[in-house]
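Take a look at the letters that make up each chain.
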Amino acid sequence: MSRFDTHTTEDEYCKKWEHSFEADPIVSEKFYLTVAYPYPSGAMHVGHGRTYIVPDVIARFWRMKGRQVLYPMAFHVTGTPVIGISRRISQGDEKTIRLYRDLYKVPEETLNRFVEPREIVRYFSQEYERVMRHCGLSIDWRRRFTTVDPQYSKFIEWQYIHLHEGNHVIRGAHPVKYCPQCDNPVGDHDLLEGDKADIIKFVLVMFSWGDYKLPCATLRPETTYGVTNLWVNPDITYVKVTVDGQKWILSREAADKIGLQDHDVVVEGDMSGEELIGVTVSHPFSGDVPVLPATFVDPDMATGIVMSVPAHAPFDYIALRDLQAQGLHAGIVPVPLITVEGYGEMPAKDAVERAGVQNQNDPAMDVLTQEVYNAEFSRGRMLPKYGGKPVREARDEVSAIMVERYGSAVMYDFDSRSVVCRCGSRVFVRILHDQWFLQYSDPEWKAQIHKQLDGITLVPPEVRAEFDRTIDWLKDWACTRRIGLGTKLPWDKEWLVEPLSDSTIYMAYYTIAHKLKQIDPARLTPDVFDYIFRGTGTPSSLPQEQLDDLRNEFLYWYPYDYRFSAKDLISNHLTFQLFHHAALFPENLQPEGMVIFGMGLLDGAKMSSSKGNVFLLEDALDEFGADTVRMFLVGSAEPWQDFDWRKEFVISTRKQIDRFYTTVSEGRVTEGTYPIDRWLISRLQKRIAATNEALASFQTRQALQEAYFGIEADLKWYRRRLPAEIRGSAALREISSTWIRLLAPFIPFTSETLWAEIGGSGDVAFAAFPEPDAQSIDEETELAEELLSRTVEDIESIMKLIQIEPTGITLFIAPSWKWDIFTTIAHSEDKKQVIRDIMKDEAMKTRGKAATDAAKQTTTLIHRFPPQLVSQLAGSMRDEMAVFQEAKEFLEREFAVPVTIVPAGESNHPKAAAALPFKPAIVIE
RNA sequence: GCGAGGGUUGCUGAGCCUGGCCAAAGGCGCCGGACUUAAGAUCCGGUCCCGCAGGGGUCCGUGGGUUCGAAUCCCACCCCUCGCACCA
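Here is a short report on the structure shown in this document. Just so you know, these numbers come straight off a predicted model, no measurement behind them.

## Focus on the environment of Pro-347
No. 1: Topologically, Pro-347 is positioned in helix H11 (residues 347-355).
No. 2: When near neighbours in sequence (up to four residues on either side) are disregarded, Pro-347 contacts Ala-311, His-312, Ile-338, Val-340, Val-372 and Glu-376.

What follows is the structure, given as structure tokens:
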């Protein structure tokens, strides 16, 4: 057979389609869909391919349905990733160079230019467009932009001016992970180690020792009442420092850390831990307590001085026990202050004894600490003399009092050691000042978004809970950065708008992007955007005519119909954009719907560029052809499900396209009409309806099941039912036109080629998508074929069992009184009572046992049939004799023996009595 | 830990909301056959177990429950995936 090779036609159509999908406002109804734009820092893999191909299938579908469809694309280049990549390349980092040179196949001379970060995004955005065109994406490329274009920056300025005015942007301090060498905050992806580390907030409980304060960092300030001593490590060096004018003693490491956290720190001198041992310190809550030695004290954990609460902290308990075992400090008695169910007076003691821990170096200590901590926090109560409140309440109260009245400060540190920047330097917690925040914590704003979400279509609907939860969970978002690419904050030029915060309403920008390109950015003043997006004011920097044109185009496309994105963006981008839309646009221009994608797997493992576990989209296109890649990516799973790129499935997809091509090509020359045509055409209408329905609800896989596999299965039965030696028919030819158009959104290259071959007019991309024709639906014929195919199946299964060489087949057709029974049972509500009712009938009574048997068998039969079939059958009695008479020749050909059709009532054959409605008795001899 | 989603027959993946159409679709793989000098491709048939008559048995993460009847509803448990923030 002829294999259809899409490669040869792909270039031709890509060229032809260069401007085909540029969409301008016209009178027709619009359909505007957008996808999260890519950050072009590397080559596309097949996962990216699906992200853009699924919307393309939807875009092509609605275009064929007569909508004016806008599918735009742009590039997000804001932020720091390319800066890091560029630096690593210029430093000659082998791993990065190998990734770009070998995996992404960047030419050597281009790679050399990557020392300039913008070159990276410039190169890859060109590549993205080239490969996207190769995929046949029906994008309006005139509107392409990047987020550092000067016009776009003007747009972001407008956005932030309004957010600021609307009190959605506020200023505050914020603890961040910070690299002193890079002099910049670092995100988790910038870390070599410790990307799971959390920032923990400690309260420093200030114990006095003469002029000095000894700050003890704690998560449990409420236990200060129970402090019996402090722990200091005798083997380490502490420092005396002045902190904001106050004299402190703490570990050297801690002094460095505190210096980054809003405190003025001057080191005065060293002091060994040894020197502190034995001194007496005091705090209003605990009174005078001694400082004792403990080697478990880590100078790099918070302040390096620990307050000891042996009744409630297993570490403290066991350290004290160890000392007392040596006969030291026998006078110290743990002070209980919290009661918790399941433990005695001293939970720490109970826990240690129950676990049989020997000494403070036992690894089980961490677990015990956590256990006691959790129990006391969730179920514990302070003793009456300490207020009697639940621990979780007391903790916050004591914490506040400590800070207000007892000189406590707050200190941040990580919950785990070794947090290391990619540059190799250690990372610390730093308090950033003057940081700008988007105030997502604002309850009013949240309430507004909850309400708005109710009106938004979500696909699949299960994600709604996650959106609602995200809205509740969002806290203020630091929306500015010191470094990276991006737009300067209009009222504070020291800051750049952070990448996730400058990409929330660009869907509105697309609507006029191509026109803004022609305009001098200096003229894009905030009042111009006010006019375009809000219809207010009288800007002078642009002619009125131009302003109206821009406003009209915006209003034509907006609001967008659907936004597509992967599910990991629910917790940030997709929710952010709702907040921003609500703050900036009127109610009638708010988002209408979102479609959430699943993730991509490669041979069952998660696809990930950083791990090198990717299949490049371009390689896939070269190896299998664009249509195969498209059909596989949208057909192997529904968009919201995870998909798995497996070569063997991709190959079989290519075979399916070949088969489609062959069938349609062969169908071009066939002639003649046959009775079974009616059935095929009728079935086709249902396939058309189902395909329309599936695509309208974004079920690309389901749509392909109907439009491809469904039709293929129908054709199989159809060919079987054609007269012997007949290979095709006029109906087959007619179906081709419909079938090509049904598949055009999925496999545009093949469809376009076939469309031209069968003489279709214009591009199939703009041809009418098939609509079901109710006139062509013939339920009678479909039922008759259903009866026939069920009977054929029965005959086949019997033949397989009996293993004899048959000489003839006899079919006994159920008599009309059995149909009466069938109808009665089908209509009855109470399946138990119905038999009695049937037997009341005089005519039935005379049939006696035959009638009750038939009723029982019919009941079973009805349970086995699909309910829809039952109601159809009950609606009108079939002329089964006629169906089988017509199909006699077919049956004889199928089974190669003579077939006799007999009304069951006219035969004495014992089997004849077994005939049931829609299930003739079969005798094979 | 918190939040969301999920566990189906060799694989993949429908079905579950709206309980009887379910031994459970489609695809892949595998087996057999046709075609062919042959391979590939293509086409046809089979693919839980038993049965020489269209039937029966067991099955949908585990254990209970509701019901005449459960893959589908309820409860508990086990396991998996994703998100948890200044990052695209």
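## Focus on the pattern of salt bridges
No. 1: Tallied over the entire structure, the rule returns 49 salt bridges.
No. 2: The partner of Glu-222 in a salt bridge is Arg-395, and the shortest N-O contact between them spans 2.9 Å. Pair noted here: Glu-222 is in the loop between strand E7 (212-218) and strand E8 (229-232) and Arg-395 is in helix H13 (residues 391-405), with a separation of 173 residues, a long-range link.
No. 3: For Glu-222, a relative accessible area of 0% puts it in the buried group.
No. 4: Between Asp-794 and Lys-919 there is a salt bridge, with the nearest N and O atoms lying 2.9 Å from each other. On the criterion of sequence distance, the pair formed by Asp-794 in helix H27 (residues 779-802) and Lys-919 in the loop between strand E31 (899-903) and strand E32 (921-924) is long-range, its members being 125 residues apart.
No. 5: Judged by relative accessible area, Asp-794 falls into the partly exposed class, the value being 23%.

## Section: the packing of aromatic side chains
No. 1: For the coordinates displayed, the defined rule picks out 63 aromatic pairs.
No. 2: With a centroid separation of 5.1 Å and 40° between ring planes, the pair formed by Trp-17 and Phe-749 is classed as tilted. Taken as a pair, Trp-17 in the loop between helix H1 (6-16) and strand E1 (30-35) and Phe-749 in helix H26 (residues 748-757) lie far apart in primary sequence, 732 residues in all.
No. 3: Between Trp-158 and Phe-585, the aromatic rings sit 6.3 Å apart at their centres with planes inclined by 45°, giving tilted as the arrangement. On the criterion of sequence distance, the pair formed by Trp-158 in helix H7 (residues 150-165) and Phe-585 in the loop between helix H19 (573-584) and strand E26 (593-597) is long-range, its members being 427 residues apart.
No. 4: With relative accessibility at 5%, the residue Phe-585 sits in the buried group.
No. 5: Positioned above the aromatic ring of Tyr-178, the side-chain terminus of Arg-430 is 4.6 Å from the ring centre.

## Observations regarding the side chain of Gln-159
No. 1: Counting through the fold element by element, Gln-159 comes out in helix H7.
No. 2: Exposure remark for Gln-159: the relative accessible area of 0% places this residue in the buried category.
No. 3: Within the structure, Gln-159 has its side chain in polar contact with the side chain of Thr-504 (distance 2.8 Å).
No. 4: If we ignore the near neighbours within four places in the chain, the residues touching Gln-159 are Ser-501, Thr-504, Ile-505, His-580 and Leu-584.

Conventions used here
- Residues numbered from 1 in each chain as written.
- Chains lettered and ligands numbered in written order.
- Predicted model: local features only at pLDDT ≥ 70, side-chain atom pairs only at ≥ 80, totals over all residues.
- Heavy atoms only, no water.
- Helix = DSSP H or I, 4+ residues; strand = E, 2+ residues; numbered from the N terminus.
- Contact = heavy atoms within 4.5 Å.
- Salt bridge = Lys/Arg side-chain N within 4 Å of Asp/Glu carboxyl O.
- Buried < 20%, exposed > 50% of the residue type's maximum accessible area, 1.4 Å probe, protein only.
- Phe/Tyr/Trp six-rings, centres within 6.5 Å; stacked < 30°, edge-to-face > 60°.
- Lys NZ or Arg CZ within 6 Å of the ring centre and 35° of its normal.
- Polar contact = N/O pair within 3.5 Å; in protein donor to acceptor, adjacent residues only side chain to side chain.

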